[in-house]
Amino acid sequence: MAAGKRTVQVNVKMSAEDFALLQKAANVLWPGAVLTNSGIVLGLAKLGASQASKKKS
């Protein structure tokens, strides 16, 4: 039996300056893409997690 994806809700609090930095990074990585605020946070978090796990291996 194949298990489906489960959704996990995560709340994030950050300063306006920190989020502006994330938006700037997203614009560099994905120029012209229409991204939601949560899409920016999730996309950058997944990239960071992937890079961190490669370094530990």
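Just above, that's the structure.
Residues numbered from 1 in each chain as written. Predicted model: local features only at pLDDT ≥ 70, side-chain atom pairs only at ≥ 80, totals over all residues. Heavy atoms only, no water.

Visitor: Can you help me understand the overall build of the chain in this one?
Guide: Of the regular secondary structure elements, the chain holds two helices and zero strands. Taking 57 residues into account, the globule formula puts the C-alpha radius of gyration at 10 Å, and the chain, at 14 Å, lies well above it. C-alpha extents for the chain along the principal axes are approximately 45 × 30 × 25 Å. Burial status across the chain gives 9% buried among its 57 residues. Looking at the chain as shown, the accessible area adds up to about 5400 Å², and 59% of this sits on carbon and sulfur atoms. (Helix = DSSP H or I, 4+ residues; strand = E, 2+ residues; numbered from the N terminus. Rg over C-alpha atoms; globule rule 2.2 N^0.38 Å. Buried < 20%, exposed > 50% of the residue type's maximum accessible area, 1.4 Å probe, protein only. Areas by Shrake-Rupley, 256 points an atom, 1.4 Å probe, with all protein chains shown as cover.)

Visitor: Help me out: how do you make sense of the environment of alanine 49 in this one?
Guide: Following the sequence through the fold, alanine 49 ends up in helix H2 (residues 37-56). Distance in space between the C-alpha atoms of alanine 49 and lysine 24 is 19 Å, their sequence separation being 25 residues.

Distances and angles like these do not, on their own, reveal function.
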